[in-house]
Amino acid sequence: MPAFDAWDIVKVPFPYTDRPVRQRRPALVIAAKGLQEHHGLLWVLMITSAENRGWPGDVEIADLHQAALPAPSVIRTAKIATIEAKEAERIGNLEGESRMRVRQFLLAELAPAAS
């Protein structure tokens, strides 16, 4: 099994929250190292078409070529999942400006819970 890093874009069977279905789709790895090493898990954020209705916290993917995505897409930071690393396939990675925006959103949402 390959080792994954934060900011890798992977294809994974992403669970839906509103129905008992899983569909292979792109996702952004936000935590890997220790999670993968000790538990075989990854934390990922959903990636969806930019044509879908936007949600607060969506982050546009600026470099589709580096991300290896065929169409304009956004990271849906509100949709986080824990995925078995063995089910993931690396396809690309996220460029710097989008990384910064995802990081800012996650810190704003997660930090208040830790205080």
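Look up a bit, the structure's there.
The shown structure was predicted, so the numbers you read here are calculated from the model rather than taken from an experiment.

**Q** So what's going on with the overall build of the protein chain? Residues and values would help.
**A** Along the protein chain, the regular secondary structure elements total three helices and six strands. Along its sequence from the N terminus, the protein chain presents helices and strands in the succession β-β-α-β-β-α-β-β-α. Counting over 115 residues, the protein chain shows a buried share of 41%. Contacts in the protein chain between residues at least 24 apart in sequence constitute 59% of all its contacts with a sequence separation of at least 6. Within the structure as shown, the protein chain displays about 6800 Å² of accessible surface, and the carbon and sulfur contribution to it stands at 54%.

**Q** Please provide a residue-by-residue account of unusual backbone geometry, values included.
**A** At W7, a position not held by glycine, the phi torsion is positive, near 85 degrees. Position of W7 among the secondary structure elements: in the segment before β1 (8-15). In this model, A68 sits at a positive phi of 60 degrees, which is unusual for a non-glycine residue. Positionally, A68 belongs in the loop between α2 (64-67) and β5 (73-84). Assessed through its relative accessible area of 36%, A68 is described here as partly exposed.

**Q** Explain the environment of E51 to me, using residue names and the numbers behind them.
**A** Here E51 lies in the loop between β3 (41-49) and β4 (58-60). Residue classification places E51 among the exposed residues on the basis of a relative accessible area of 77%. Distance from E51 to A71, taken between C-alpha atoms, is 9.4 Å for residues 20 residues apart in sequence.

**Q** Break down the side chain of Q36 for me, citing the residues and quoting the values.
**A** Note that Q36 resides in helix α1 (residues 33-39). A distance of 2.9 Å separates a polar side-chain atom of Q36 from the backbone nitrogen of F4.

**Q** Could you give an account of the pattern of salt bridges, naming the residues involved and the relevant values?
**A** Under the defined criterion, the tally for this structure stands at four salt bridges. Here D8 makes a salt bridge to R90, at a shortest N to O gap of 2.9 Å. One end of the pair, D8, is in strand β1; the other, R90, is in strand β6 (residues 89-93), and 82 residues separate them in sequence. R90 gets classed as partly exposed once you look at its relative accessible area, which sits at 38%. E89 is paired through a salt bridge with R24; the nearest N and O atoms lie 4.0 Å apart. Here E89 is found in strand β6, whereas its partner R24 is found in strand β2 (residues 22-31), with 65 residues between them in sequence. Under the relative-accessibility criterion, R24 is labelled partly exposed at 44%.

The rules we used
Throughout this document, residue positions are counted from 1 along each chain, in the order its sequence is written. Where local features are concerned, this predicted model is filtered to residues with pLDDT of at least 70; where side-chain atom pairs are given and counted, the filter is 80 or more; whole-chain, interface and lining totals use all residues. Calculated side-chain values reflect all of the structure's heavy atoms, with hydrogen atoms and water omitted. Going along the chain from the N terminus, every DSSP run of H or I of four or more residues is numbered as a helix, and every run of E of two or more is numbered as a strand. Categorising residues by exposure relies on relative accessible area from a 1.4 Å probe, with only protein chains included: less than 20% of the type maximum marks a residue as buried, more than 50% marks it as exposed, and the intermediate range marks it as partly exposed. Throughout, a contact is declared for two residues whenever any of their heavy atoms are within 4.5 Å. Throughout, the Shrake-Rupley method with a 1.4 Å probe supplies accessible areas, and for residues the shown protein chains are the sole cover considered. Contacts described as polar in this section are N or O atom pairs within 3.5 Å, which, within protein, must combine one atom able to donate a hydrogen with one able to accept it, while residues neighboring in sequence count only if both atoms come from side chains. Salt bridge, as used here: a side-chain nitrogen of Lys or Arg that lies within 4 Å of a carboxyl oxygen of Asp or Glu.

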